[in-house]
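Topology and contacts: notes
Chain residues, written in single-letter form:
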Amino acid sequence: MVVDVALRLAVEESLAAHATSNAVFLAERLVACSPSPETKYLLATAYHAAGETHRAFAVLSPATTPKNRFLLAVCAFKLGKFKEAENALNGSQFGTDGSPNEAYAQLLLGLQIVTLKPSSTFRRFDPDVRSLSRSPVVVQALMLQPTLWVAWDNLCQLGYDEDPTTLFHEEAILLQFQQVKSSQLTRS
């Protein structure tokens, strides 16, 4: 148990210092000692940071926790496995229990149907690919996270023709900031 905690902290420290090979090695030891969804998430995070997306995908499959399902979806998306990305995102509630923000899950769900430039998970659409059918989930992402600029940028590239102040305005940003602060205080 003490070794698990020490390894976990060492992996997190290595990731924070961008020492990805060290993080991968330590996370592999951690999973060997104590396989669980949490340790697999840490190993997949280390693999992902090291650019070994295929290995992160393999470690997470099948993912059971919302946090693992989100990272699995990100990896699947980067690997061009769009159906697997969609399956990982569907049927899971994001935004609770320390899982990734629902807005990012909605954005990824909206983006998964179109082809993106290599290694650009949350970036711009290729100009020759347009899909207005997915704009409602991207709008939802922006409504959940008004500072998610890439969602607005992608909507504009899809031809979304609305007044920007309907989604991207000061009151929404301040409300989101208050919600984040409130959730941080309740976790403490």
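Since the structure is predicted, the reported quantities are computational estimates derived from the model, not experimental observations.

1. Thoughts on helix H4 (residues 53-60)
- Along H4, the positions that sit buried rather than exposed are Thr 53, Ala 56, Phe 57 and Leu 60. The arc that holds every buried residue of H4, seen down its axis, measures 100°, which confines them to one face. Exposed residues pointing more than 90 degrees away from the buried face of H4 are listed as His 54 and Ala 58.
- Residues of H4 that are buried sit in contact with helix H3 (37-49), helix H5 (66-78) and helix H6 (82-89).

2. Topic: the nonpolar core
- Formed by 33 residues in total, the largest nonpolar core has its most connected members in Val 11, Leu 89 and Leu 108.
- Breaking this core down by element, the ones donating at least two residues are helix H1 (2-16), helix H2 (20-33), H3, H4, H5, H6 and helix H7 (102-111).

3. With respect to the packing of aromatic side chains
- Inspection of the entire model under this criterion finds one aromatic pair.
- Each ring, one from Phe 77 and one from Phe 82, has its centre 5.5 Å from the other, and the planes form 70°; the classification is edge-to-face.
- Over the face of the ring belonging to Phe 25 we find Arg 29, whose NZ or CZ atom lies 4.8 Å from the ring centre.
- In this structure, Lys 67 is placed above the aromatic ring of Tyr 41, and the distance from its NZ or CZ to the ring centre is 4.5 Å.

4. Structural notes on H5
- In a regular helix each residue adds 1.5 Å, so 13 residues correspond to 18 Å; H5 covers 18 Å between its end C-alpha atoms and thus fits that length.
- Within H5, ten of the 13 residues are buried, leaving the element largely enclosed by the surrounding structure.
- Those residues of H5 not exposed but buried are Asn 68, Arg 69, Phe 70, Leu 71, Leu 72, Ala 73, Val 74, Cys 75, Ala 76 and Phe 77.
- Trailing H5 by a residue or two, Gly 80 shows a phi angle of about 80°, which is positive.

5. Comments concerning the packing of H4 against H5
- It is at 9 Å that the axes of H4 and H5 come closest, and there the two elements cross at 140°. If you check the angle between H4 and H5, you find them oblique. For the crossing formed where H4 meets H5, the hand is left-handed. For the pair H4 and H5, the contacting residues are Thr 53, Ala 56, Phe 57 and Leu 60 in the first and Asn 68, Leu 71, Leu 72, Cys 75, Ala 76 and Lys 78 in the second.
- Residues belonging to the contact of H4 with H5 are distributed by class as follows: seven nonpolar, two polar and one charged.

Conventions and cut-offs
- Residues numbered from 1 in each chain as written.
- Predicted model: local features only at pLDDT ≥ 70, side-chain atom pairs only at ≥ 80, totals over all residues.
- Heavy atoms only, no water.
- Buried < 20%, exposed > 50% of the residue type's maximum accessible area, 1.4 Å probe, protein only.
- Helix = DSSP H or I, 4+ residues; strand = E, 2+ residues; numbered from the N terminus.
- Arc of directions from axis to C-beta.
- Contact = heavy atoms within 4.5 Å.
- Core = buried A, V, L, I, M, F, W, Y, C linked by side-chain atoms within 4.5 Å.
- Phe/Tyr/Trp six-rings, centres within 6.5 Å; stacked < 30°, edge-to-face > 60°.
- Lys NZ or Arg CZ within 6 Å of the ring centre and 35° of its normal.
- Expected span 1.5 Å × (residues − 1).
- Axes fitted to C-alpha atoms, helices over the stretch in contact; angles between N-to-C directions.
- Parallel < 35°, antiparallel > 145°, perpendicular 65-115°, else oblique.
- Left-handed = near helix turned anticlockwise from the far one by under 90°.
- Nonpolar A, V, L, I, M, F, W, Y, C, P; charged D, E, K, R; others polar.

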